[in-house]
Structures are given as structure tokens and as C-alpha cells.
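Inside the fold
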Amino acid sequence: MKVGVLALQGDFREHLDMLHKCGVQAVEVRKPEQLAGLAGLIIPGGESTTIGRLADAHGLLPAIRERVGQGMGVFGTCAGLVLLAREIVGGTEIEGRPQPLLGFMDITAHRNAFGRQRESFEADLTVPALGPEPVRAVFIRAPFIAAAGPGVQVLAEWDGKIVLARQGRFLACAFHPELTDDPRLHRYFLERVLA
Ligand code: GLN
């Protein structure tokens, strides 16, 4: 199985390392042609405005939409969650236009939503889909999912806020699983979401 990581900005290297650890072929994606043959794509954490603007400038937004139409799955972490959302709260305008989104999931992402004093923190999350052992979640100026449509499966909440959700071939996570050495969420994407 070949999986790509959008490598325009943010912590894509850590995702590539995690994919290698899971034993799949992992490639950096910077150009539309690099999406060919991918079963899945990871959109990393970073700045959703920057990633969206660069993806737009490289012609990647229509190319990703086309590959998704052909069955590619997408896992968005943190800024990647924002890009997967259909709606956002706290979005930024870029040159007078709303920041670009892919909008594959019926969710509203609230950007930078945990507030200043807890902008970055770690927590032990209960994620029943990954087993009884809690997941150490690293939140860095993280969004949360403020609203989710009926087709969205909530996989974890923190402090009453949705921080991990799945809708069909799409997985969105508010924290940074690539910054720990626990590969369970990447495996879940590879073995359950892309299967
Ligand atoms: N606050 C960032 C954004 O909205 C996301 C932060 C992150 O990816 N760690 O783009």
C-alpha cells in the first residue's frame, strides 16, 4: 500500500516516519502527479492557512478532490482537520477570500479553539476504537470539532469537545499522533479507514 503525506508545510516528516514504522510505502506530495496510485493521503499539522494557500497555488486542491472521487482516503491532523471541514469558525481571509478548504467532512472546525492559556497541552484520551490503553494526545493551538453531521462517527472527546472523528474514508484528529511513538491511530487509518 502506498500512502502520501502532503509536504508543503508543517510536520510532514514525522508522519512519514510513522508510516514507515507501520510498514507501508510513504511518499511526499508536493505536486498533483505525486497523488497517482495513493490509497490514502495524510494532511499534517502546521498552519491551515499556509497549507491551503500553497495547495491552491500548486493546483493540488482539484487534484486531491479528483483522487478522492476515485476512492482515496484522507487523514487530517490538526491543521489537516481544519482543511477537511466543510465549515470553520475563526477562519482567516487570504487576499479578501476565505481560507481554502477541502470540505470533505460534514463537520465545523473551530480553529485555535482551546484558548490562550491552554493553547498547547497534553492529555490522556480514551479512544475505544483503539483499545483500552489511553492515547497520549499532544494539542498545539489545536482546533476542535464544534459540530458534526449525522454521518460522522465521533471517536474521542476531550473536555466535552470532539477531537477525533471519522466519516467513511475520512479521519480527522485535533491532536498530533505523529509526535508520540504510538502508531495506533496511523494503523487505524491504514487498516480500518483505507481497508
Ligand atoms: N492553529 C493551526 C491552524 O488552524 C493548527 C495548529 C496545528 O496544526 N498544530 O491552522
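These figures come from a predicted structure and were not determined experimentally.

Observations regarding the site of the ligand
Close contacts around the ligand come from Gly 45, Gly 46, Glu 47, Ser 48, Cys 78, Ala 79, Arg 111, Asn 112, Ile 140, Arg 141 and His 176, and that covers them all. The contact in question runs from an oxygen atom of the ligand to an N or O atom on the side chain of Arg 111, over 2.7 Å. Burial of the ligand by the protein chains amounts to 96% of its free accessible area of 300 Å². Residues that form the shell around the ligand fall into these classes: three nonpolar, five polar and three charged.

Looking at the pattern of salt bridges
The full count for this structure, using the stated rule, is eight salt bridges. For Asp 124, the salt bridge goes to Arg 136, with nearest N and O atoms at 3.3 Å. Residue Asp 124 is found in strand S9 (residues 120-125), and its partner Arg 136 is found in strand S10 (residues 135-140); the two are separated by 12 residues along the sequence. A salt bridge links Arg 184 to Asp 182; its shortest N-O distance comes to 2.8 Å. One network of salt bridges, with partners in common, ties together Glu 47, Arg 111 and Arg 141.

With respect to empty space enclosed by the protein
Summed over the entire model, instances satisfying the criterion amount to one cavity of 30 Å³ or more. If you add up the space inside the largest cavity, you get close to 50 Å³. Around the largest cavity sit Leu 130, Val 135, Arg 136, Phe 175, Pro 177, Thr 180, Asp 182, Arg 184 and Leu 185, which together line it. Listing elements by their share of the lining of the largest cavity, those giving two or more residues are S10 and helix H5 (184-193). Of the residues in the lining of the largest cavity, the class split is five nonpolar, one polar and three charged.

Structural notes on the pairing of strand S12 (residues 153-158)
The sheet contact formed by S12 and strand S13 (residues 161-167) spans five bridges and is antiparallel. Looking at the pairing, Ala 156 lines up with Leu 164 of S13. Linking S12 back to S13 in an antiparallel pair, the connection comprises two residues, with Asp 159 at a positive phi of about 55°.

Some thoughts on the packing of helix H1 (residues 12-21) against H5
It is the contact of H1 with H5, at a shortest axis distance of 10 Å, that shows an interaxial angle of 65°. Between H1 and H5, the angle falls in the class roughly perpendicular. At the point where H1 passes H5, the crossing takes the right-handed sense. Counting all contacts with H1, which are made through His 15, Met 18, Leu 19 and Lys 21, the residues of H5 involved are His 186, Arg 187 and Leu 190. In terms of residue class, the contact of H1 with H5 is built from three nonpolar, two polar and two charged.

Overview of the state of the cysteines
Under the criterion given, the structure shown has zero disulfides. Cys 22 carries a free sulfur, and the closest cysteine sulfur to it, the one in Cys 173, is 14 Å from it. By relative accessible area, which is 14% here, Cys 22 ends up buried.

The rules behind these values
Numbering of residues starts from 1 in each chain and follows the order in which that chain's sequence is written. Totals for whole chains, interfaces and linings use all residues, but because this is a predicted model, local features are given only for residues with pLDDT of at least 70 and pairs of side-chain atoms are given and counted only at 80 or more. Excluding hydrogens and water, the side-chain figures rest on all heavy atoms present in the structure. Any residue with a non-hydrogen atom lying within 4 Å of a molecule or strand is treated as near it. The definition of a polar contact used here is a pair of N or O atoms within 3.5 Å, where within protein one atom must be able to donate a hydrogen and the other to accept one, and adjacent residues in sequence count solely through side-chain atom pairs. The accessible surface values rely on the Shrake-Rupley method and a 1.4 Å probe; as for residues, cover is taken only from the protein chains in view. When residues are sorted by character, Ala, Val, Leu, Ile, Met, Phe, Trp, Tyr, Cys and Pro go into the nonpolar class, Asp, Glu, Lys and Arg into the charged class, and all the rest, Gly among them, into the polar class. By definition here, a salt bridge exists when the distance from a side-chain nitrogen of Lys or Arg to a carboxyl oxygen of Asp or Glu is within 4 Å. Helix and strand assignments come from DSSP, with helices taken as H or I runs of at least 4 residues and strands as E runs of at least 2, each series counted from the N terminus. With a 1 Å grid spanning the protein atoms alone, the term cavity applies to any set of points in which a 1.4 Å probe fits but cannot get out, the term pocket to an open set with protein on both sides within 12 Å along at least five of seven lines, and the term lining residue to any residue with an atom within 4 Å of a point. Grid points are joined across faces, edges and corners, and a volume is the space filled by probe spheres set on the points. Two strands are said to pair when DSSP picks up at least two bridges between them. All axes are obtained by fitting lines to C-alpha atoms, using only the stretch in contact for helices, and the reported angles, taken between N-to-C directions, cover 0 to 180 degrees. In these notes the angle categories are as follows: under 35 degrees is roughly parallel, over 145 is roughly antiparallel, 65 to 115 is roughly perpendicular, and the rest is oblique. Left-handed describes a crossing in which the near helix is turned anticlockwise from the far one by less than a right angle; the clockwise case is right-handed. Contacts between residues were defined by any pair of non-hydrogen atoms, one from each residue, lying within 4.5 Å. Cysteine sulfurs are considered disulfide-paired once they come within 2.5 Å of each other. Categorising residues by exposure relies on relative accessible area from a 1.4 Å probe, with only protein chains included: less than 20% of the type maximum marks a residue as buried, more than 50% marks it as exposed, and the intermediate range marks it as partly exposed.

Everything listed here is a matter of geometry and, on its own, says nothing about what the molecule does.
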